[in-house]
Amino acid sequence: MINHEREKGQAKLQDVADRAGVSLMTVSLALRGPTKRMSPGTRERVLEAARELRYQPNARARAFRLGRTNVIGMYAGYGYINVRSPFFTEIVSGLQEGCEAVRKDLLLHGMFHGTAPEDIHLELIDGRIDGLIVTMPPNDPLGTKLLKSGLPTVAVSDAIDGMPCITVDDAGGMRDIVSHLRERGHRRVEFVLSPAQPESALRRRDQFLKSSSEAGIEASVTTIEEDSAVNGLVAGAKGRGVTAFACWNDVVARYMVAAALDQKLRVPDDLAITGFDGCPTPFADSFPLTTVVAPWAEAAREAVHRLDALLRDEPIALHTEFPVRFSIGVTT
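Let us look at the structure shown here. (Residues numbered from 1 in each chain as written. Predicted model: local features only at pLDDT ≥ 70, side-chain atom pairs only at ≥ 80, totals over all residues. Heavy atoms only, no water.)

What follows deals with the nonpolar core. Within the largest apolar cluster, 63 residues are counted, with the highest numbers of intra-cluster contacts made by Ile133, Phe245, Met256 and Trp296. Here Phe245 is in contact with Val189, Glu190, Val192, Leu233, Val234, Ala237, Arg240, Met256, Leu271, Ala272, Ile273 and Thr274, once residues within four sequence places are set aside. Grouped together as the second largest cluster of nonpolar side chains are 15 residues, Tyr75, Leu132, Met136 and Leu146 included. (Core = buried A, V, L, I, M, F, W, Y, C linked by side-chain atoms within 4.5 Å. Buried < 20%, exposed > 50% of the residue type's maximum accessible area, 1.4 Å probe, protein only. Contact = heavy atoms within 4.5 Å.)

Shown next, in the form of structure tokens:
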């Protein structure tokens, strides 16, 4: 007896159309996702036919036919994507949620320092992705190349001239920190940066200096070149008259807290410490920082939706700044 049933994965688009009693165009439209152009009942009938026939679309053929891969990329211009970083954890989580909402796949592009911008550019425009989400310095020459290439691109965290971007209110968050420290009686505060200084960190630094001057706080800025420098910075705080450190992000702030506690200093009685970003971590609840909570996952989701709109030739805002929330912990 001959089995005329197709093997799994062998059903064609026409088979689905015949089973559902609709046109090929209707099947194609239904498989792309919910749409106002089709009733939910019709789409469900198509999906049921596809399930019954075990239909599996040919992704390569579909991409060639539509000129789309249905994949968006993410590129980090500060080196490889460190998934252990709370910031990148939030960004990637938000990107994944956004991609699920618009029914697209996500491809992470990790490039190490030293790779020529020309090589990075060629990899990003080689046809594997329809569009790109980037987080990179505004002066990165790759930004200009991407703008000239025509590849739809949206920036997150750091704004790039001429490119749609999603940022957070770094200046407002820093004003809240300075105001809080002044209310707590601090008159000598240091702002702490790490060597990797994205534009957002520099915005926070500049606002810290401006707000401190306006508040009558003696302010200074220190860059720690390596983790071991944190201990020395904390140990010398009293001799410099420093009573508080404002760190550019939570990771640096937690290093500072750990160093202070190791040196038997009381936080915040002997030394107050603030962070920025407010990204969830396993230890955040046990010793909550005074910090500014930035909605990075939400910003990343919005970046995906903006990119999806670009791919559909819809107008979008060039720059959106998400509000932040000041959170008082036990470190001030």
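This brings us to unusual backbone geometry. With an omega dihedral of 15 degrees, the bond running from Val267 to Pro268 counts as a cis peptide bond. With respect to the element layout, Pro268 can be found in the loop between α12 (250–262) and β9 (272–274). A positive phi is found at Asp277, a non-glycine position, where the angle reads about 115 degrees. Relative to the assigned elements, Asp277 resides in the loop between β9 and β10 (291–293). Of note, Asp313 is a non-glycine position whose phi angle comes to about 60 degrees, a positive value. Along the chain, Asp313 falls in the loop between α13 (296–311) and β11 (319–322). For Asp313, a relative accessible area of 70% puts it in the exposed group. (Helix = DSSP H or I, 4+ residues; strand = E, 2+ residues; numbered from the N terminus.)

Under the criterion given, the structure shown has three aromatic pairs. With 5.2 Å between their ring centres and 70 degrees between their planes, Phe87 and Phe88 make a pair best called edge-to-face. There is no split in this pair, since Phe87 and Phe88 are both buried. Aromatic pair Phe87 and Trp296: ring centres 5.1 Å apart, planes at 85 degrees, arrangement edge-to-face. Taken together, the positions of Phe87 in helix α5 (residues 86–102) and Trp296 in helix α13 put the pair 209 residues apart, joining distant regions of the chain. Across this residue pair, the class does not change: Phe87 and Trp296 are buried. (Phe/Tyr/Trp six-rings, centres within 6.5 Å; stacked < 30°, edge-to-face > 60°.)

A few words on the environment of Lys36. Residue placement: Lys36 occurs in the loop between α2 (24–32) and α3 (40–53). The exposure class of Lys36 is exposed, given its relative accessible area of 89%. Linking Lys36 and Ala294, residues 258 residues apart in sequence, is a C-alpha distance of 34 Å.

Strand order in the open sheet formed by four strands is β7-β6-β8-β9, with parallel pairing between adjacent strands. What marks the edges here is a single partner per strand, and that holds for β7 (218–223) and β9. Strand-to-strand, the axes of this sheet are offset by a mean angle of 20 degrees, without reference to chain direction. Looking at chain direction, strand β6 (residues 188–193) and strand β8 (residues 244–247) are connected through four bridges and run parallel. Counted as the bridge partner of Glu190 is Phe245 from β8. Strands β6, β8 and β9 of the sheet are contacted by helix α8 (residues 170–183), whose axis makes an angle of about 170 degrees with β8. (Pairing = 2+ DSSP bridges. Axes fitted to C-alpha atoms, helices over the stretch in contact; angles between N-to-C directions.)

In this section: the state of the cysteines. One pass over the full model with this rule turns up zero disulfides. Of the cysteine sulfurs around Cys165, a residue in no disulfide, the closest is that of Cys279, at 19 Å. Cys165 gets classed as buried once you look at its relative accessible area, which sits at 4%. In this structure Cys279 is a free cysteine whose sulfur lies 15 Å from that of Cys247, the closest cysteine sulfur available. The buried category is assigned to Cys279, whose relative accessible area is 9%. (Disulfide = S-S within 2.5 Å.)

Let us now look at the pattern of salt bridges. Two side chains that carry opposite charge are able to pair once their charged atoms sit near each other. Tallied over the full model, the rule gives 18 salt bridges. For Asp308, the salt bridge is made with Lys104, and the minimal N-O distance between the two is 3.9 Å. Residue Asp308 is located in helix α13, and its partner Lys104 is located in the loop between α5 and β2 (105–109); the two are separated by 204 residues in the primary sequence. For Asp170, the salt bridge goes to Arg203, with nearest N and O atoms at 2.5 Å. Taken together, the positions of Asp170 in helix α8 and Arg203 in helix α9 (residues 199–215) put the pair 33 residues apart, joining distant regions of the chain. Relative accessible area serves as the criterion here: at 1%, Asp170 is assigned to the buried category. In this structure, a network of salt bridges that share partners links the residues Lys104, Asp308, Arg312 and Glu314. (Salt bridge = Lys/Arg side-chain N within 4 Å of Asp/Glu carboxyl O.)

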